[in-house]
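Fold and geometry: a report
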Amino acid sequence: MEKLIVTAAICGAEVTKSQNPNIPYTLDEIAREAHLAYQAGASIIHLHVREDDGRPTQDKDRFKKSMDAIRTLCPDIIIQPSTGGALGMSDMERLQTTEVAEPAVNLFHPEMATLDCGSCNFGGDEVFINSDNTIKTFGKTMIQRGVKPEIEIFDKGMIDIALRMAEQGFIQHPIHFDFVMGLQINATARDLSYMVHSIPLDATWTVAGIGRFQMSMAALGILMGGHVRVGFEDNLYIKKGILAKSNGELVEKVVRIARELDRPIASPIEARNILGLPPLKS
Ligand code: KMH
Ligand code: ZN
């Protein structure tokens with residue numbers, strides 16, 4: 001089996017220090033959490049950023065500063081900014097994080113970014129809205145800016161939306177998917193298997209289990225030959241009732257599981273290879 005790419009979703013936009021005081025807000029905290037995840041084996045940082053008081057922002061200067069700070073400590077890591085942002089943000093606000101791609105040759109070029117391929121319920125009255133036109137605009141912009149999308153799948157039908165977008169030229173093959181399990185899609189082996197069998201043969205995939213499903217979904221992903229995402233964005237606990245001290249602790253746990261299952265961990269260079277990303281320019 002291919003080596004395992006571990007993505008650390010270190011911050012998110014919705015979780016707060018009142019839920020887990022170790023969630024990073026400041027630039028120093030973001031860089032520190034990314035570094036701990038990197039040292040533990042993460043090769044991709046899925047990045048949201050905050051103002052110092054914790055408010056989520058998609059401001060491109062704040063992203064650039066955060067990426068600079070991460071790069072200082074983790075020189076070769078793949079940084080994958082979110083274009084999902086936080087609930088209620090406008091499309092233009094969200095898309096700013098791919099602008100730091102210009103000029104496309106410097107170190108701070110986001111090699112990847114998320115592309116959310118449909119709308120979904122986030123619980124209560126909250127809806128994460130991604131219209132067809134939003135997906136098309138984001139997809140086209142990422143192609144123009146040379147940013148590889150990670151296609152976020154919150155619902156099974158979103159795979160079909162993504163494949164139609166690819167047919168229409170808004171997403172390029174080979175596609176990299178992230179299956180978000182335990183929010184709208186049930187976090188079961190049957191559902192994950194359905195998703196894996198619904199994507200093209202040349203596609204790659206990772207799985208993000210939400211909340212208590214983080215490690216069980218990761219273990220399944222490891223066994224099924226996919227890749228995994230862990231981190232505070234999706235889960236705050238290292239085990240039932242015990243808050244994780246850092247994203248590094250969550251990455252260490254998934255790396256331990258992978259080692260037990262004989263799945264070696266991909267370095268950032270190996271992850272670029274697996275995902276078909278060009279080598280890092282210096
Ligand atoms: N924070 C959510 C509204 C992404 O990063 O693309 C969207 C999200 C998905 O987290
Ligand atoms: Zn995100």
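Residues numbered from 1 in each chain as written. Chains lettered and ligands numbered in written order. Predicted model: local features only at pLDDT ≥ 70, side-chain atom pairs only at ≥ 80, totals over all residues. Heavy atoms only, no water.

Inspection of every chain in the model, using the stated rule, returns five aromatic pairs. Here the aromatic rings of Phe 122 and Phe 128 are separated by 5.4 Å at their centres, their planes lie at 55 degrees, and the arrangement is tilted. Taking relative accessible area as the criterion, Phe 122 reaches 24% and is therefore assigned partly exposed. When its relative accessible area of 7% is taken as the criterion, Phe 128 is described as buried. Consider the rings of Phe 128 and Phe 154, whose centres lie 5.9 Å apart with planes at 80 degrees: the pair is edge-to-face. Pair noted here: Phe 128 is in strand 8 (residues 127-128) and Phe 154 is in the loop between strand 9 (148-153) and helix 5 (157-167), with a separation of 26 residues, a long-range link. (Phe/Tyr/Trp six-rings, centres within 6.5 Å; stacked < 30°, edge-to-face > 60°. Buried < 20%, exposed > 50% of the residue type's maximum accessible area, 1.4 Å probe, protein only. Helix = DSSP H or I, 4+ residues; strand = E, 2+ residues; numbered from the N terminus.)

What follows deals with the packing of helix 7 (residues 214-223) against helix 8 (residues 247-260). The N-to-C vectors of helix 7 and helix 8 enclose an angle of 40 degrees; their axes lie 10 Å apart at closest approach. Of the two elements, helix 7 crosses helix 8, and the hand of that crossing is right-handed. Seen from helix 7, the contacting residues are Gln 214, Met 215, Ala 218, Ala 219 and Ile 222; seen from helix 8, they are Leu 250, Lys 253, Val 254, Ile 257 and Ala 258. Of the residues contributing to the contact of helix 7 with helix 8, the split by class is eight nonpolar, one polar and one charged. (Axes fitted to C-alpha atoms, helices over the stretch in contact; angles between N-to-C directions. Left-handed = near helix turned anticlockwise from the far one by under 90°. Contact = heavy atoms within 4.5 Å. Nonpolar A, V, L, I, M, F, W, Y, C, P; charged D, E, K, R; others polar.)

What follows concerns the state of the cysteines. Throughout the structure, instances matching the rule amount to zero disulfides. Counting only cysteine sulfurs, Cys 120 is the nearest neighbor of Cys 117, a cysteine outside any disulfide, at a range of 12 Å. (Disulfide = S-S within 2.5 Å.)

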